[in-house]
Amino acid sequence: MVTIKCRNMTFDNIQAILFDKNGTLEDSETYLRSLAQKAARLIDAQIPGTGEPLLMAFGINANLLDPAGLISVASRRETEVAAAAYIAESGKGWFECLKIARQALDEAEKYIGQTPSPLFMGSLDLLKYLRKGGLKLGILSAATTEKVRNFVANHQLNDYIQLEMGVDEGPGKPDPVLFLQACQALGVEPGATLMVGDAVGDMQMARNAKAAGCIGITWVGKPDNVRGADVVINQLDEIQILED
């Protein structure tokens, strides 16, 4: 167990740290913006008039991505359902709406391709440092588990990450069961585990699971995006191990 210091906060007896992926370790803004724009265009081609409202719902405004918006923080399943709700206003049946939304997102992903988004500055160094310090590390993302695994493989993080966990068919953030399942898989107690994320959902999930603490990171300088955090940072290297 180690003590973690982060600005004016210290967290004692920590065994593990769970990280969000998009917007925390991975600079996925370009990818997510392109995904939302392409999916909205594909849906608008079938259901004229849905494109602009969908972009707003996804969190795209004047080509800017809202880091607290749907495409940034929701699971794939939640994104499909939200898009389908807009399509349903056309009067189409619900299952057809879901099919159109799913196909549009699938096609948009294929169109954009699988070029990995870059790591945020300091991500790799921090993971190496924390792992060397004896901590168990995991990624707990709203993305699918497959995307989490691809992210870890693409950036060669396997030596540092012990858990790759996304949201597939089950509940999404901020359901605390995700955090509890991640802790169980790592073999640690929630009360000895920290959560690092860039969204309110990360903070709520960890708090409701009785985590040791919640560290909110806002690369864009918007602390409201991590309301509920015990401490808010702007760089990953602000997470430090206190030596005995």
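Residues numbered from 1 in each chain as written. Predicted model: local features only at pLDDT ≥ 70, side-chain atom pairs only at ≥ 80, totals over all residues. Heavy atoms only, no water.

The name given to the chain in an unreviewed UniProt entry is HAD family hydrolase, with the source organism recorded as Nostoc flagelliforme FACHB-838.

> Explain the overall build of the chain here, please?
Of the regular secondary structure elements, the chain holds nine helices and 11 strands. Relative to a compact globule of 244 residues, whose C-alpha radius of gyration would be 18 Å, the chain shows 18 Å and is just as compact. Counting only C-alpha atoms and orienting by the principal axes, one finds that the chain spans roughly 65 × 30 × 30 Å. Here the chain holds 244 residues, and the buried ones make up 51% of them. Put simply, of all contacts in the chain between residues at least 6 apart along the chain, 62% involve residues at least 24 apart. For the chain, the accessible surface area stands at approximately 11,600 Å², while carbon and sulfur atoms represent 48% of it. Of the side chains in the chain, 23 bear a positive and 31 a negative charge, and the two mean positions are spaced by 2 Å. (Helix = DSSP H or I, 4+ residues; strand = E, 2+ residues; numbered from the N terminus. Rg over C-alpha atoms; globule rule 2.2 N^0.38 Å. Buried < 20%, exposed > 50% of the residue type's maximum accessible area, 1.4 Å probe, protein only. Contact = heavy atoms within 4.5 Å. Areas by Shrake-Rupley, 256 points an atom, 1.4 Å probe, with all protein chains shown as cover. Lys, Arg positive; Asp, Glu negative; His and termini not counted. Charge placed at Lys NZ, Arg CZ, Asp CG, Glu CD.)

> Got a minute to help me understand helix α8 (residues 176-186) in this structure?
Owing to its 3.6 residues per turn, the α-helix brings residues three or four apart onto one side. Listed as buried for α8 are L178, F179, A182, C183 and L186. Down the axis of α8, the sector holding all buried residues measures 130°, keeping them to one side. Seen from the buried face of α8, the exposed residues on the opposite side, beyond 90 degrees, are Q184 and A185. Residues of α8 that are buried in the fold lie against β3 (16-19), β6 (136-140), β7 (163-165), β8 (193-197) and α9 (200-208). Phi turns positive one or two residues past the end of α8, at G187, with a value near 75°. (Arc of directions from axis to C-beta.)

> I keep staring at the nonpolar core and nothing clicks. Help me out?
One broad rule of soluble globular proteins: the nonpolar side chains tend to lie buried together. I4, I17, F19, L130, L135, I215 and I239 are the most contacted members of the largest nonpolar core, which has 29 residues in total. A40, L42, I47 and I71 belong to the second largest nonpolar core, which has 27 residues in total. (Core = buried A, V, L, I, M, F, W, Y, C linked by side-chain atoms within 4.5 Å.)

> Please clarify how the sheet that holds strand β1 (residues 2-6) should be interpreted in this entry.
Hydrogen bonds along the backbone pair up the strands of a sheet, which may run parallel or antiparallel. With respect to topology, three strands assemble into an open sheet ordered β2-β1-β11, the strand pairing being antiparallel. The open sheet has two free edges, formed respectively by β2 (9-14) and β11 (239-242), since each of these has just one partner strand. This sheet shows a mean twist of 30° between the axes of neighbouring strands, independent of strand direction. Bridge count between β1 and β11: four bridges; the pairing is antiparallel. Opposite K5, over in β11, you have Q240 as the bridge partner. Contacts from helix α6 (residues 123-132) reach β1 and β11 within the one sheet, and its direction differs from that of β11 by about 20°. (Pairing = 2+ DSSP bridges. Axes fitted to C-alpha atoms, helices over the stretch in contact; angles between N-to-C directions.)

> Hey, could you run me through the side chain of E26 in this one?
Inspection of the secondary structure assignment puts E26 in the loop between β3 and α1 (29-46). For E26, a relative accessible area of 7% gives the class buried. Apart from the residues lying within four places of it in its own chain, the contact partners of E26 are K21, S117, P118, L119, F120 and F151.

> How do you make sense of the pattern of salt bridges when you look at a structure like this?
Opposite charge on two side chains lets them pair, provided their charged atoms get close. The tally for this structure, following the rule as stated, stands at 14 salt bridges. For R149, the salt bridge identified is with E164, shortest N-O distance 4.0 Å. Of this pair, R149 sits in helix α7 (residues 145-154) while E164 sits in strand β7, and the two are 15 residues apart along the sequence. Residue classification places R149 among the partly exposed positions, given a relative accessible area of 49%. (Salt bridge = Lys/Arg side-chain N within 4 Å of Asp/Glu carboxyl O.)

> What's the story with the side chain of E80 in this structure? I'm lost.
Relative to the elements of secondary structure, E80 occurs in helix α4 (residues 76-88). In terms of polar contacts, E80 uses its side chain to reach the side chain of R76, at 3.0 Å. (Polar contact = N/O pair within 3.5 Å; in protein donor to acceptor, adjacent residues only side chain to side chain.)

> Would you mind going over the packing of aromatic side chains with me for this structure?
Aromatic ring pairs: the centre-centre distance and the angle between the two ring planes describe each pair. Taken as a whole, this structure holds one aromatic pair when the rule is applied. For the pair F120 and W219, a centre-to-centre distance of 4.3 Å together with 10° between the ring planes defines the contact as stacked. Remark: W219 occurs in the loop between β9 (213-217) and β10 (231-233) and F120 occurs in the loop between α5 (94-112) and α6; sequence separation between them is 99 residues. What makes F120 buried here is its relative accessible area of 15%. The ring of F151 carries the charged tip of K21 above its face, separated from the ring centre by 5.6 Å. The ring of Y111 is capped by K38, whose NZ or CZ atom sits 4.0 Å from the centre of that ring. (Phe/Tyr/Trp six-rings, centres within 6.5 Å; stacked < 30°, edge-to-face > 60°. Lys NZ or Arg CZ within 6 Å of the ring centre and 35° of its normal.)

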